[in-house]
Amino acid sequence: EAGVAQSPRYKIIEKRQSVAFWCNPISGHATLYWYQQILGQGPKLLIQFQNNGVVDDSQLPKDRFSAERLKGVDSTLKIQPAKLEDSAVYLCASSQEKQGRIAFGNTEAFFGQGTRLTVV
Amino acid sequence: LAKTTQPISMDSYEGQEVNITCSHNNIATNDYITWYQQFPSQGPRFIIQGYKTKVTNEVASLFIPADRKSSTLSLPRVSLSDTAVYYCRTGGSYIPTFGRGTSLIVHP
């Protein structure tokens, strides 16, 4: 079974530039997550999709971050303009929420290797 | 947001059993508890999940008391390759929340 694919693996940009990350989840997984992980901290959820609809984006800085999941498969996360504090690893994860489970996050999530973003 | 609390770091030696406890005082009724392992430059990897009592798989055991306000991940006979950061996560009302994790260092 192919895992969650992310690209690029590394990206260095200057502040105020824009950047985009791409994620291809495991085939058949309806739920897709984007997390931000700052060095030394746990992953912080930015946005969660169920198919192509947004379940939660309450922690997404919407003035500069945007995400979409066209056709309920691939997803892109964009930052425009980037700030120094956006330097982090951006992780994509997917899961197959089982029927009948009420709360999301109760199903095993599979993570990609992440994109390490450095803003200089 | 459901919040989890774990020790920041732990040290152990090869062959020992390691127990890492996570506190999740406000876990919701429908939330499961899931533990992940993360190596440097990789995404977290699922270890084990449970709702109550005890769950065991080929790599770990998970102990959850009746009140479900905490859980303990038990790693039997750790090896050097178990050096990693361990996170507990609860379902958390649609926002699966990770804590800061426990950095486990296994010494020879």
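Structural data are supplied above this passage.
Residues numbered from 1 in each chain as written. Chains lettered and ligands numbered in written order. Predicted model: local features only at pLDDT ≥ 70, side-chain atom pairs only at ≥ 80, totals over all residues. Heavy atoms only, no water.

1. As for the overall build of chain A
Right, on to step 1. On a plain count of helices and strands, chain A comes out with zero helices and 11 strands.
Right, on to step 2. Each helix and strand of chain A, ordered N terminal to C terminal, gives the series β-β-β-β-β-β-β-β-β-β-β.
Right, on to step 3. Counting only C-alpha atoms, chain A reaches 45 × 30 × 30 Å along its principal axes.
Right, on to step 4. When burial is assessed residue by residue, chain A has 47% of its 120 residues classed as buried.
Right, on to step 5. Taking the contacts inside chain A whose residues are at least 6 apart along the sequence as the reference set, 55% of them involve residues at least 24 apart.
Right, on to step 6. Accessible area of chain A: about 5,900 Å², with a carbon and sulfur share of 49%. (Helix = DSSP H or I, 4+ residues; strand = E, 2+ residues; numbered from the N terminus. Buried < 20%, exposed > 50% of the residue type's maximum accessible area, 1.4 Å probe, protein only. Contact = heavy atoms within 4.5 Å. Areas by Shrake-Rupley, 256 points an atom, 1.4 Å probe, with all protein chains shown as cover.)

2. Examining the sheet that holds strand 1 (residues 5–7) of chain A
Residue and element names in this part refer to chain A.
Right, on to step 1. Ordered by their spatial adjacency, four strands build an open sheet running 1-3-8-7, and the pairing between neighbours is antiparallel. The outermost strands of the open sheet, each flanked by one partner alone, are strand 1 and strand 7 (65–68). Between one strand axis and the next, the sheet turns by 15° as a mean value, whatever way the strands run.
Right, on to step 2. Where strand 7 meets strand 8 (residues 75–79), four bridges bridge the pair, whose relative direction is antiparallel. Its bridge partner lying in strand 8, Phe-65 is registered against Ile-79. (Pairing = 2+ DSSP bridges. Axes fitted to C-alpha atoms, helices over the stretch in contact; angles between N-to-C directions.)

3. Quick word on the packing of aromatic side chains
Right, on to step 1. Within this structure, the stated rule accounts for 11 aromatic pairs over all chains.
Right, on to step 2. Summarising the aromatic geometry, the rings of Phe-111 of chain A and Phe-98 of chain B are spaced 6.0 Å apart at their centres and angled 75° between planes, so their arrangement reads as edge-to-face. Residue Phe-111 of chain A is located in strand 10 (residues 110–111), and its partner Phe-98 of chain B is located in strand 9 (residues 97–98); the two belong to separate chains.
Right, on to step 3. Here Phe-111 of chain A falls in the buried class, since its relative accessible area comes to 12%.
Right, on to step 4. Look at Tyr-32 of chain B and Tyr-51 of chain B: their rings are 5.1 Å apart centre to centre, the planes differ by 55°, and that puts the pair in the tilted class. With Tyr-32 of chain B in the loop between strand 2 (18–23) and strand 3 (33–38) and Tyr-51 of chain B in the loop between strand 4 (45–50) and strand 5 (53–56), this pair connects stretches of sequence that are 19 residues apart.
Right, on to step 5. Put simply, the rings of Tyr-33, Tyr-35 and Phe-111 of chain A together with Tyr-36, Phe-46, Tyr-87 and Phe-98 of chain B pair up and form one aromatic cluster. (Phe/Tyr/Trp six-rings, centres within 6.5 Å; stacked < 30°, edge-to-face > 60°.)

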